[in-house]
Amino acid sequence: MMDCIFCQIVAGKLPSETLYQDEEVIAFRDIHPLAPTHVLIIPKRHIPSLAQLTDAETPLIGHMAKVANKLAQEEGVAESGYRLVVSSGEQGGQIVPHLHMHLLGGRRLSDKLC
Ligand code: 5GP
Ligand code: ZN
């Protein structure tokens, strides 16, 4: 999906501040951070959203959460606390149509979810 910006980041065609990658996922800093730590964890494979995740792909979400926790530790926010957000679809606030998990931390986040 070369018209997808996150696929272009995976392919190295768009620059990103990559913090982690393995065979399944890549994690990089959000270009417009909403908190001192704002990292995106995405599958390398193009999956449009959580709603399109197949049964076989379900373990990917657990892996993304595990990677997020490892990065939270490296960013020094694991103890102070952090939030993982996966937006799905238009009303869910998803703008980039490639599944991604936001890791947000480093400041007190709003008590309200939305
Ligand atoms: P969404 O609203 O779809 O859940 O989040 C998409 C996120 O991707 C936004 O927080 C936005 O700042 C980030 N983003 C969009 N384009 C780029 C880009 O080219 N590079 C990086 N690092 N982040 C991006
Ligand atoms: Zn993509």
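Residues numbered from 1 in each chain as written. Chains lettered and ligands numbered in written order. Predicted model: local features only at pLDDT ≥ 70, side-chain atom pairs only at ≥ 80, totals over all residues. Heavy atoms only, no water.

Draft legend 1. Spatial organisation of the pattern of salt bridges. All chains considered together, the criterion is met by five salt bridges. Put simply, Glu17 and Arg29 hold a salt bridge, and the shortest N to O gap is 3.1 Å. A residue pair is termed long-range when its members are at least 10 positions apart, and Glu17 in the loop between helix 1 (5-10) and strand 1 (18-21) and Arg29 in strand 2 (residues 25-29) qualify at twelve residues. What makes Arg29 partly exposed here is its relative accessible area of 28%. Between Glu24 and Arg45 there is a salt bridge, with the nearest N and O atoms lying 3.2 Å from each other. (Salt bridge = Lys/Arg side-chain N within 4 Å of Asp/Glu carboxyl O. Helix = DSSP H or I, 4+ residues; strand = E, 2+ residues; numbered from the N terminus. Buried < 20%, exposed > 50% of the residue type's maximum accessible area, 1.4 Å probe, protein only.)

Draft legend 2. Spatial organisation of the coordination of the zinc ion (ligand 2). Each protein donor to the zinc ion (ligand 2) is listed here as Cys4 (SG), Cys7 (SG), His46 (ND1) and His98 (ND1); together their distances run 2.1 to 2.3 Å. Here the zinc ion (ligand 2) binds four donor atoms, and the angle range of 104 to 117° at the metal identifies the geometry as tetrahedral. Of note, the zinc ion (ligand 2) draws all its donor residues from one chain, in the sequence arrangement C-x2-C-x38-H-x51-H. You can see Cys7 sitting in helix 1 and its partner His98 sitting in the loop between strand 4 (82-85) and strand 5 (101-105), a full 91 residues away along the chain. The exposure class of His98 is buried, given its relative accessible area of 0%. (Donors = N, O, S within 2.8 Å, 3.2 Å for Na, K, Ca; no water. Tetrahedral: all angles 85-135°; square planar, octahedral: opposite > 155°, others 65-115°.)

Draft legend 3. Seen up close, the site of ligand 1. Among the 16 residues in the neighbourhood of ligand 1, the closest are listed as Asp30, Ile95, Val96, His100 and His102. In the environment of ligand 1, a nitrogen atom lies 3.3 Å from a nitrogen or oxygen atom belonging to the backbone of Ile31. Starting from 520 Å² of accessible surface for ligand 1 in isolation, the protein chains cover 83%. Those elements giving two or more residues to the shell around ligand 1 turn out to be helix 1 and strand 2. (Near = heavy atom within 4 Å. Polar contact = N/O pair within 3.5 Å; in protein donor to acceptor, adjacent residues only side chain to side chain. Areas by Shrake-Rupley, 256 points an atom, 1.4 Å probe, with all protein chains shown as cover.)

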